[in-house]
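# Structural description and commentary
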Amino acid sequence: KKRVIALLLIFCLALSACGGSGTKNETTTTAPAESTTKEVVTIPETTTAAPETTTAAPETTTAAPETTTAAEEDPGLDSVLGTKDGQSYKQELFKIKADLPTNYYIASDAEMGQIQENVEELLDTGSTVYDLCAVDQTSGNSIVVTIFPVTMAEHLMLMTAPGNYYDALIPELENQYSSLAEDAHLEDIKVEKGSVTFLGKEVPCVTLSWLEKDYDMVHYQTQIMLSELNNAKPYGLCITTASYASAQQAADLLGLFEAYEQ
């Protein structure tokens, strides 16, 4: 049974575009100023004992900025990726959480590692990484959360005018799914902009649907994008909810997410 779930999971991942194609390696990372690690050397005046004091001083002065610079430069993946605990998923950077029903199989970190290696390098090079992959073992519904770097312009657009971001994203998704159609045996691919309720608010979204000819089943997806800053690095987060039953059921799965407050 787990083998079937794993295959389904990989299939969902292969077809979940998640907006990553529109955010290639354009991350606006700001490097820390080199001046924060510059040694401060005090020139001795006239006493002979002064050099002993000034020799030790730079060691103390140099060590402190190193700690500060490291924290500012890269706070680590822990401040970007979400955490999983049993059936619970929390994303502190994007302030969301979800408690999934027990019928959902959640991919472990080890299983995620088989799909993507060196997550930090993927993000740094502008790639999309999977933060959560969960499949309903009874219905085949799935929830996939991905994180990808965005430019500062895209971050501001997602924060102030997300509809414009989706307008640019839709043709990219259409091209991506059309290129998959022949090999994956897909038909009737539809990509449209719409709106959906998320955390009690009406927000823009992208809806996708296609027919899997091999199984004579229609696959429905709802995708929403969020954006947040981690120091100087802007990130986008895409939640993709999918259903084989209806577009409405795919959208309703977003109701599993709640606002997360520390």
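Relevant structure appears above.
Description of the structure in this document. (Residues numbered from 1 in each chain as written. Predicted model: local features only at pLDDT ≥ 70, side-chain atom pairs only at ≥ 80, totals over all residues. Heavy atoms only, no water.)

### Considerations on the overall build of the protein
The number of helices and strands found in the protein is 7 helices and 11 strands. Within the protein, the fraction of its 262 residues that count as buried is 40%. Long-range pairs, those at least 24 residues apart, make up 62% of the contacts in the protein between residues at least 6 apart in sequence. When the accessible surface of the protein is summed, it comes to about 14,000 Å², and 51% of that surface belongs to carbon and sulfur atoms. (Helix = DSSP H or I, 4+ residues; strand = E, 2+ residues; numbered from the N terminus. Buried < 20%, exposed > 50% of the residue type's maximum accessible area, 1.4 Å probe, protein only. Contact = heavy atoms within 4.5 Å. Areas by Shrake-Rupley, 256 points an atom, 1.4 Å probe, with all protein chains shown as cover.)

### Re helix α6 (residues 162–184)
Given a rise of 1.5 Å per residue, 23 residues ought to cover 33 Å, and the 31 Å separating the end C-alpha atoms of α6 matches this to within 8%. For α6, the principal kink sits at L169 and spans about 30°; a proline, P171, occurs within the next four residues. Of all the positions in α6, only G163, Y165, Y166, L169, I170, L173, Y177 and A181 are classed as buried. After α6 finishes, the residue H185 shows a positive phi value of roughly 60°. (Expected span 1.5 Å × (residues − 1). Bend = angle between axes of the 7 residues up to and from the residue.)

### A word on the sheet that holds strand β11 (residues 257–259)
Adjacent strands of a sheet pair through backbone hydrogen bonds, lying either parallel or antiparallel. One open sheet accounts for 4 strands, arranged β1-β2-β3-β11; its pairing is antiparallel. Edge positions in the open sheet fall to β1 (83–85) and β11, since each of these has one partner strand only. Each strand axis lies, on average, 20° off the axis of its neighbour in the sheet, ignoring direction. (Pairing = 2+ DSSP bridges. Axes fitted to C-alpha atoms, helices over the stretch in contact; angles between N-to-C directions.)

### Let's talk about the pattern of salt bridges
Note on pairing: side chains with opposite charge can pair once their charged atoms come close. Scanning the model with the defined rule gives 4 salt bridges in all. Linking K233 and D124 is a salt bridge whose minimum nitrogen-to-oxygen distance equals 3.7 Å. Here K233 is found in strand β10 (residues 233–243), whereas its partner D124 is found in helix α4 (residues 119–124), with 109 residues between them in sequence. Take K233: its relative accessible area is 13%, and that puts it in the buried class. For D124, a relative accessible area of 45% translates into the label partly exposed. For K193, the salt bridge identified is with D167, shortest N-O distance 2.8 Å. You can see K193 sitting in strand β7 (residues 186–198) and its partner D167 sitting in helix α6, a full 26 residues away along the chain. For D167, a relative accessible area of 41% translates into the label partly exposed. (Salt bridge = Lys/Arg side-chain N within 4 Å of Asp/Glu carboxyl O.)

### Remarks on a nonpolar patch on the surface
Judged by side-chain polarity, M152, L156 and L229 come together as a nonpolar surface patch covering roughly 230 Å² of accessible area. When its relative accessible area of 33% is taken as the criterion, L229 is described as partly exposed. (Patch = residues over 30% accessible without salt bridge, like charges linked within 9 Å, V, L, I, M, F, W, Y side chains within 5 Å.)

### A short note on the packing of aromatic side chains
Applying the stated criterion to the full structure yields 3 aromatic pairs. Ring geometry for Y177 and W210: centres 4.9 Å apart, planes at 40°, overall tilted. Of the two residues, Y177 sits in helix α6 while W210 sits in strand β8 (residues 201–212), which places them 33 residues apart along the sequence. W210 shares its class with Y177; the two are buried. An angle of 50° between the planes, with centres 6.4 Å apart, marks the rings of F198 and F257 as tilted. Highlighted residues: F198 in strand β7 and F257 in strand β11, separated in sequence by 59 residues. Of the two residues, F198 and F257, neither departs from the other in class, the shared state being buried. (Phe/Tyr/Trp six-rings, centres within 6.5 Å; stacked < 30°, edge-to-face > 60°.)

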